[in-house]
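These are the residues of each chain, in order.
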Amino acid sequence: MGKTIIISNRLPLQINISENNKVEVTPSVGGLATGLKSFHQEGDSIWIGWTGIAEEDIPAELEDEVEAEVKKQRCVPVSLTSEEIEKFYYGFSNRTIWPLFHYFMEYTEFHNEHWEAYKQVNEKYAEAVVERLNDDDVVWVHDYQLLLLPDYIRRKKPKVTIGFFNHIPFPSSEVFRTLPWREEVLKGMLGADLIGFHTYDYERHFLRSVNRILRLDINFNSVNVGNRVVRSDSFPMGIDYKKFRKAAKDHKAQPRSENSDIQKKLDYHKYVTRNTKLILSIDRLDYTKGIANRIRAFGYFLEKYPEYQEKVRLIMLAVPSRTNVPQYQLLKKEIDELVGRINGKFATINWTPIWYFYRSMPFDNLIDLYTSSNVALITPTRDGMNLVAKEYIATRTDQTGVLILSEMAGAAHELNEALIINPNNFEQIVDTIKLALEMPEEEQIRRNKLLQKRLKRYNVEKWAKDFMKSLDNTKDSKKAFKAIELTENIKKDLFDKYSAAQRRILFLDYDGTLRKFVDKPEEAMPDPDLIQLISRLGEQKNTRVVLISGRDKETLGTWWKNVPVELIAEHGVWNRPVREEWQLTENLNNSWMTSVRPVLETYVDRTPGTFIEEKNYSLAWHYRKANPELGDVRANELSAVLKDMISNHGLSVLQGNKVLEIKNSGVNKGKAANKLLVEKYDFIFAIGDDWTDEFLFTELPDQTVTVKVGMNKTEAKYFVDNVDEVRELIDQFVSLTR
Ligand SMILES: O=P(O)(O)OC[C@H]1O[C@H](O[C@H]2O[C@H](CO)[C@@H](O)[C@H](O)[C@H]2O)[C@H](O)[C@@H](O)[C@@H]1O
Ligand SMILES: O=c1ccn([C@@H]2O[C@H](COP(=O)(O)OP(=O)(O)O)[C@@H](O)[C@H]2O)c(=O)[nH]1
Ligand SMILES: [Mg+2]
């Protein structure tokens, strides 16, 4: 295996140019960068991303130095102009996708100009990746700023292994579908082989969107996209447990004397207001984090339980983030005012209820905060994961401390022993704060023991390894697929056989094979090109062409009226030899239809978009146009009902492509085709796309060249991707003997 290429919008480092023209490098803030950094440091990877500074803000004479600084950390910079930053980063990423995916629909803006920039910058990232990509490298793309990147890379390098991880929630399909560019975004993600989410719910929402919007079928957690299988799964991101643990231990052994303002505050807290408990709040200043409500809740707590005045303090760190976006500016103002109001209302000579810092803190200070606080209060209204919650628990070396955590954070799914709250339930929050402050130490220890055990085991290293292992496994599922792609090389061999043959017979399915599906089956008539193509094939010497379909004979007969090919209708009930009339090939009865039809009708009534197709000897219930989820549920239900009803009547229920068909058991395409083989052929070919064609693939003689259209489970020997490829293949057959 080659190297791993990590790509995220932001690199784990931030470049700044100081006033006296010096290059400054600081670590980036935010869960993705802090979490993934350990994985990057340990392994053999390069990390491609943005340095956090606009191209124009780097003076020409410092460019080399910046490049060198970035390189030191095995990173590769993608430079963004200030216009790109405005439209791609502040614009589409943070004014469209971020609010939409966090269910802030009222904050979500849709600007075509931003979308154009988003596409263009994703393309820029793709170029940066492809430039450094070897065939055996593995690509791991991260997060919502780069949703199109997997597909863009795939287009340039079709065979490469690509993983994608989404660090933020994936919203319900009902919310996602409001996005004007929803199809493109989903297709972008589906360029990956494996798509990871923090929780099963996000994954479920994503798959549902793929099913509803792209109308692709979901098979447990995989989707067929052309000839590729794309898998999705959930991998809750962990933290570098050891690093936090060690830092906390070191801190305890030797408290640092560094004179930072936070240190001074903590010292004051420790020595002067000894009996005051400390509640900690840390986040980027973001409206998804529920910071304003948290402050309000704290104010309400002091009101509802006045005995806690002077006994508790909220220490709040809000890290500046996305400051160019208006909602972030407004929120900053709101928080400033709220803090002022509450401090103004409750403060005494010796006590300020809220200590508020608006800046980012170096790692050591974070550890100070974590280890000094009795309670961590984390109340986002939505949060992909929230690593702060995990970091707080990890640093509690004596296992005391209480975590209050919103159920809307991905982390809440794992941290069951925390006090879980609904961030919109004020009474619950304030009562939980009280509960936390009063929780006996033994109980704190009991809970934290369990929490720490999990965080230690499922740490960030394990998370990344798990993801990479699953990504690697997707290669096996490619191999497990039995049918072989009909490549140019294999085709050459096939054409030789075709040309050498004395007598040929070709069985061609119609819908989904020669003609693409449309919502209404009656509208899927052959286009003039197709008629011409099949006529030419039928006119070839020593070549018997059989269109073998489940359709009724009237439709097929009309569509292929004067075309010199043989037709088989209703899976084999009827046969129309070239230039002859239809013949009934089986002696069948259809009296059962009167009892089955009403059952189908009740399903039509209850499942909008579905309808019944009547043939002479069979009935079909079509559900292509139904809501896909409901369609599948009803199809399973109906299939069970029918199987029960028709047992012992010589009938069977056939599952086609979005259709259930009830017909005589003795009839199938395999049997019908075999009947034509009384004559001798030295080239037998069969092609089809759905379950009903599997009878052809299994029942025709071994030497038959069997081809499946689309990459679904099949007994066929070969597969091609789609109708266009089928037509191209037939065209090649035709030109061989011209
Ligand atoms: O790059 P910024 O615009 O400055 O934003 C910082 C990062 O914020 C987001 O973090 C998310 O990832 C965390 C780890 O998986 C997760 O715990 C958290 O819930 C998410 O919000 C964002 O996803 C990153 O891309 C940003 O870099
Ligand atoms: O001054 C700070 C405050 C926070 N963090 C880190 O920023 C990350 C925040 O990640 P989280 O998943 O909680 O939220 P996000 O910001 O990614 O939405 C955590 O690893 C913190 O340790 C930091 O590096 N400096
Ligand atoms: Mg078909």
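Our structure is the block above this text.
This one's a predicted model, so the numbers in the text were calculated from it and none came from an experiment.

Peer 1: Could you give an account of a nonpolar patch on the surface, with specific residues and numbers?
Peer 2: A cluster of nonpolar side chains, namely Tyr-268, Tyr-271 and Val-272, defines an oily patch on the protein surface of about 310 Å² accessible area. A relative accessible area of 32% places Tyr-268 in the partly exposed class.

Peer 1: Please give an account of the environment of Ile-315 that cites residues and values.
Peer 2: Topologically, Ile-315 is positioned in strand β13 (residues 312–319). Among the residues examined, Ile-315 registers a relative accessible area of 1% and is labelled buried. For Ile-315, the residues in contact, after removing those within four places along its chain, are Ile-262, Leu-266, Leu-278, Ile-279, Leu-280, Ser-281, Trp-355, Phe-357, Leu-369 and Ser-373.

Peer 1: Account for the packing of aromatic side chains, naming residues and giving values.
Peer 2: Under the definition given, this model contains 45 aromatic pairs. Considering the side-chain rings of Phe-88 and Tyr-125, the 6.4 Å spacing of their centres and the 40° angle between planes classify their relative orientation as tilted. Placement of the pair is Phe-88 in helix α3 (residues 82–101) and Tyr-125 in helix α4 (residues 112–131), with a sequence separation of 37 residues. The buried category is assigned to Phe-88, whose relative accessible area is 0%. A residue is classified by how much of its surface remains accessible, and Tyr-125, at 0% relative accessible area, is buried. Looking at Lys-708, its charged tip hangs above the ring of Trp-691, at a distance of 6.0 Å from the centre.

Peer 1: Tell me about the site of ligand 2, and name the residues and values.
Peer 2: Every one of the 16 residues lining ligand 2 counts as a neighbour, but Gly-31, Thr-34, Arg-284, Met-361 and Glu-391 are closest to it. With respect to ligand 2, the backbone of Val-388 contributes an N or O atom lying 3.2 Å from an oxygen atom. One nitrogen or oxygen atom from the side chain of Glu-391 is found 2.5 Å from an oxygen atom belonging to ligand 2. The protein chains hide 89% of the 540 Å² of surface that ligand 2 would expose on its own. Broken down by secondary-structure element, the contributors of at least two residues to the shell around ligand 2 are α1 (31–42), β13, α13 (363–372) and α14 (387–394). With three residues, α14 is the largest single contributor of residues to the shell around ligand 2. Per-class residue counts for the shell around ligand 2 are eight nonpolar, five polar and three charged.

Peer 1: If you had to explain empty space enclosed by the protein to someone new, which residues and values would you point to?
Peer 2: Applying the stated criterion across every chain yields a total of four cavities of 30 Å³ or more. The wall of the largest cavity is formed by 30 residues, among which Asp-511, Phe-517, His-622, Val-659 and Asp-690 lie closest to the centre. By residue class, the composition of the lining of the largest cavity is nine nonpolar, eight polar and 13 charged. Both of domain 3 (484–586 + 667–735) and domain 4 (593–664) provide at least three residues apiece to the lining of the largest cavity.

Peer 1: Just give me the short version of the sheet that holds strand β30 (residues 718–720), but keep the residues and values in it.
Peer 2: Taken in spatial order, the nine strands make up an open sheet running β18-β30-β29-β28-β19-β20-β21-β22-β23, and their pairing is mixed. Every other strand in the sheet has two partners, leaving β18 (484–485) and β23 (583–584) as the edge strands with one partner each. Across the sheet, helix α25 (residues 723–736) lies against β19 (504–508), β28 (683–688), β29 (705–709) and β30, angled at about 160° from β28, the strand it touches most.

Peer 1: Explain the nonpolar core to me, and be specific about the residues and the numbers.
Peer 2: Among the nonpolar cores identified, the biggest contains 99 residues, and Ile-7, Tyr-125, Ile-153, Phe-206 and Phe-301 are the most heavily contacted of them. Considering each element in turn, this core owes the most residues, nine residues, to α3. Inspection of this core shows a minimum of three residues originating in each of domain 1 (4–234) and domain 2 (241–457). Leaving out residues up to four positions away in the same chain, Tyr-125 has contacts with Ile-7, Ser-8, Asn-9, Gly-49, Trp-50, Val-78, Leu-80, Phe-88, Leu-146 and Leu-149. With 65 residues, the next largest nonpolar core counts Leu-317, Tyr-392, Leu-403 and Tyr-458 among its residues.

Peer 1: Which residues make up the coordination of the magnesium ion (ligand 3), and what are the values?
Peer 2: For the magnesium ion (ligand 3), the protein coordination sphere consists of Asp-509 (OD), Asp-511 (O) and Asp-689 (OD), at 2.0 to 2.1 Å. All donors of the magnesium ion (ligand 3) come from a single chain, and their spacing in sequence reads D-x1-D-x177-D. The class of Asp-509 is buried, set by a relative accessible area of 5%.

Peer 1: Summarise the site of ligand 1; cite the residues concerned and give the values.
Peer 2: In the vicinity of ligand 1, 21 residues are found, and the nearest of them are Arg-10, Tyr-89, Asp-143, His-167 and Asp-383. Within the contact set of ligand 1, an oxygen atom lies 3.4 Å away from a side-chain nitrogen or oxygen of Arg-284. Note that an oxygen atom of ligand 1 is positioned 3.1 Å from one of the backbone N or O atoms of Gly-384. At the level of elements, α1 and α3 are the ones that each hand at least two residues to the shell around ligand 1. Within the shell around ligand 1, the residues separate by chemical class into nine nonpolar, seven polar and five charged.

Rules used throughout
- Residues numbered from 1 in each chain as written.
- Chains lettered and ligands numbered in written order.
- Predicted model: local features only at pLDDT ≥ 70, side-chain atom pairs only at ≥ 80, totals over all residues.
- Heavy atoms only, no water.
- Patch = residues over 30% accessible without salt bridge, like charges linked within 9 Å, V, L, I, M, F, W, Y side chains within 5 Å.
- Areas by Shrake-Rupley, 256 points an atom, 1.4 Å probe, with all protein chains shown as cover.
- Salt bridge = Lys/Arg side-chain N within 4 Å of Asp/Glu carboxyl O.
- Buried < 20%, exposed > 50% of the residue type's maximum accessible area, 1.4 Å probe, protein only.
- Helix = DSSP H or I, 4+ residues; strand = E, 2+ residues; numbered from the N terminus.
- Contact = heavy atoms within 4.5 Å.
- Phe/Tyr/Trp six-rings, centres within 6.5 Å; stacked < 30°, edge-to-face > 60°.
- Lys NZ or Arg CZ within 6 Å of the ring centre and 35° of its normal.
- Near = heavy atom within 4 Å.
- Polar contact = N/O pair within 3.5 Å; in protein donor to acceptor, adjacent residues only side chain to side chain.
- Nonpolar A, V, L, I, M, F, W, Y, C, P; charged D, E, K, R; others polar.
- 1 Å grid on protein atoms, 1.4 Å probe; cavity = no way out; pocket = protein on both sides within 12 Å on 5 of 7 lines; lining within 4 Å.
- Points joined across faces, edges and corners; volume = space filled by probe spheres on them.
- Domains from an automatic or database assignment.
- Pairing = 2+ DSSP bridges.
- Axes fitted to C-alpha atoms, helices over the stretch in contact; angles between N-to-C directions.
- Core = buried A, V, L, I, M, F, W, Y, C linked by side-chain atoms within 4.5 Å.
- Donors = N, O, S within 2.8 Å, 3.2 Å for Na, K, Ca; no water.

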